[in-house]
Amino acid sequence: MTRLVHLLAPLLVVAPIFAQSSQTPPQPPVFRSGASLVALNVAVVDRGDQYISGLHPRDFAIYEDGVKQAVRFFESSDVPVDLIVLLDMSASMGDKMDIVHGAAIGFLRTLRRGDRGAIVAFNDRVNVLQPLTGDRASLERAVRGTTARGATALNNALYIALKQFGQRALKAGEVRRQAIAVLSDGEDTCSLVSFDDVLGVARQSGVGIYTIALQSKYEMARAKEEGARPYLSESDYAMNTLARETGALAFFPKEPDQLESVYGSIANELAHQYSIGYVPMNSRFDGRFRRIVVQVVSRQDLRARTRVGYTAAPGAAAAAAGNDGGVRH
């Protein structure tokens, strides 16, 4: 993994940070963990796929490799969000820019006080246009400054975003809801990083990766002409797998004008997630994959969705810092 970071370094461009507002609004509390904490972002839905609020720690049961774990952190609303928006700016996106700009800016406007956003654009290079900030004006300027050209290095972008942002709060011991929303309209064409590399880092980071794969009009038209059944391309499979493994959602809009609705669905989920943390009974960082199951034990009609597990490598859980946060609701 370290060698990959060095290989990708020449392809990463960090844009100058836009000027920040001179008046910093008061920030909400920062939650910290006092022990190695596995942090989960958990969405709970009923049989009609409606999000359910108002649950308490006693309503949940968490299992790691079949062994029940004790809830050490629980918060249903106040945990701040870090939202990293990844935008495909390859040449094929050229005719979609106005719609993409409007939808992404609308998405960023859903951030609350204490939340932070970041903008990463990618084509054959990966450009961090705006590091994490709570300044909406800076985020909007970064989005509007994107232009389309070049090839598609999707895996490079995801890998760099996970490395650059995904473990920052964990290393500081902060409990934040971290999410990546990645938009692309085609296959990866020039990455140095493989999909397996990306999946490996995602399994350690705990970041939910919401994937948006704009469907190719050419492929849909060809399938319609030939009477072929729709199929899942290699790129679509990768996007679907990343979302499922990290407890997020995958979207496959057929038209760019559906992006506003897609981003709205992601924002709605982020607003309704529970943040739950536990200290693993198995404290060994042995590099093995640990499978996680979260159940809502108080109501059989509810379904909980979170990441399917994590790789127990050093740094996969939050470092010790500050007080223990505690169980809150």
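Residues numbered from 1 in each chain as written. Predicted model: local features only at pLDDT ≥ 70, side-chain atom pairs only at ≥ 80, totals over all residues. Heavy atoms only, no water.

Undergrad: Explain the overall build of the chain here, please?
TA: Along the backbone of the chain there are 9 helices and 15 strands. The buried share of the chain, taken over its 329 residues, is 51%. Of all intrachain contacts in the chain linking residues separated by at least 6 positions in sequence, the fraction that spans at least 24 positions is 84%. About 15200 Å² of surface is accessible on the chain, with carbon and sulfur atoms providing 51% of the total. (Helix = DSSP H or I, 4+ residues; strand = E, 2+ residues; numbered from the N terminus. Buried < 20%, exposed > 50% of the residue type's maximum accessible area, 1.4 Å probe, protein only. Contact = heavy atoms within 4.5 Å. Areas by Shrake-Rupley, 256 points an atom, 1.4 Å probe, with all protein chains shown as cover.)

Undergrad: It is not clear to me how the sheet that holds strand β13 (residues 289–296) should be interpreted in this structure. Could you clarify?
TA: Neighbouring strands of a sheet are bound in pairs by backbone hydrogen bonds; such pairs are parallel or else antiparallel. Sheet architecture is open: 4 strands sit in the order β4-β3-β13-β15, paired in antiparallel fashion. Both outer strands of the open sheet, β4 (67–69) and β15 (309–311), are each paired with one neighbouring strand and no more. In this sheet, neighbouring strand axes are inclined to one another by 30° on average, regardless of whether the strands run parallel or antiparallel. Relative to β4, strand β3 (residues 60–64) is paired through 3 bridges, and the arrangement is antiparallel. Looking across to β4, one finds that I62 is bridged to Q69. (Pairing = 2+ DSSP bridges. Axes fitted to C-alpha atoms, helices over the stretch in contact; angles between N-to-C directions.)

Undergrad: Mind showing me how you'd approach the sheet that holds strand β12 (residues 274–278) here?
TA: Judged by pairing direction, the sheet is antiparallel, and its 4 strands sit side by side in the order β5-β12-β2-β14 without closing on themselves. A strand with exactly one partner marks an edge of an open sheet, and here the two such strands are β5 (71–75) and β14 (303–305). Sheet twist, expressed as the mean angle between neighbouring strand axes with direction ignored, is 30°. Where strand β2 (residues 38–45) meets β12, 5 bridges bridge the pair, whose relative direction is antiparallel. Residue L40 lies in a different strand from β12, and its bridge partner there is I276.

Undergrad: Sorry if this is basic, but what is going on with the nonpolar core here?
TA: A general feature of soluble globular proteins is that nonpolar side chains tend to end up buried together. Counting 35 residues, the largest nonpolar core has L87, L183, Y263 and I266 as the members making the most contacts within it. Elements that contribute at least two residues to this core include exactly β6 (81–88), α2 (97–108), β7 (116–122), α3 (136–144), β9 (177–184), β10 (208–213) and α9 (259–272). The element contributing the most residues to this core is α2, with 7 residues. Residues within four places of L183 in sequence aside, it is in contact with L86, L87, D88, M93, V100, F122, I212, L214, L259 and Y263. Among the nonpolar cores identified, the runner-up in size contains 30 residues, and I209, A213, A238 and M239 belong to it. (Core = buried A, V, L, I, M, F, W, Y, C linked by side-chain atoms within 4.5 Å.)

Undergrad: It is not clear to me how empty space enclosed by the protein should be interpreted in this structure. Could you clarify?
TA: The probe, sized like a water molecule, is rolled over the atoms to show the empty space still left. In the structure shown here, the tally under the stated rule is 4 cavities of 30 Å³ or more. Here the second largest cavity is characterised by a volume of approximately 80 Å³. Lining the second largest cavity are 13 residues, with N41, G206, G208, T246 and Q273 positioned closest to its centre. Of all the secondary structure elements, the ones that give two or more residues to the lining of the second largest cavity are β9 and β10. When the residues that make up the lining of the second largest cavity are grouped by side-chain class, the tally is 4 nonpolar, 8 polar and 1 charged. (1 Å grid on protein atoms, 1.4 Å probe; cavity = no way out; pocket = protein on both sides within 12 Å on 5 of 7 lines; lining within 4 Å. Points joined across faces, edges and corners; volume = space filled by probe spheres on them. Nonpolar A, V, L, I, M, F, W, Y, C, P; charged D, E, K, R; others polar.)

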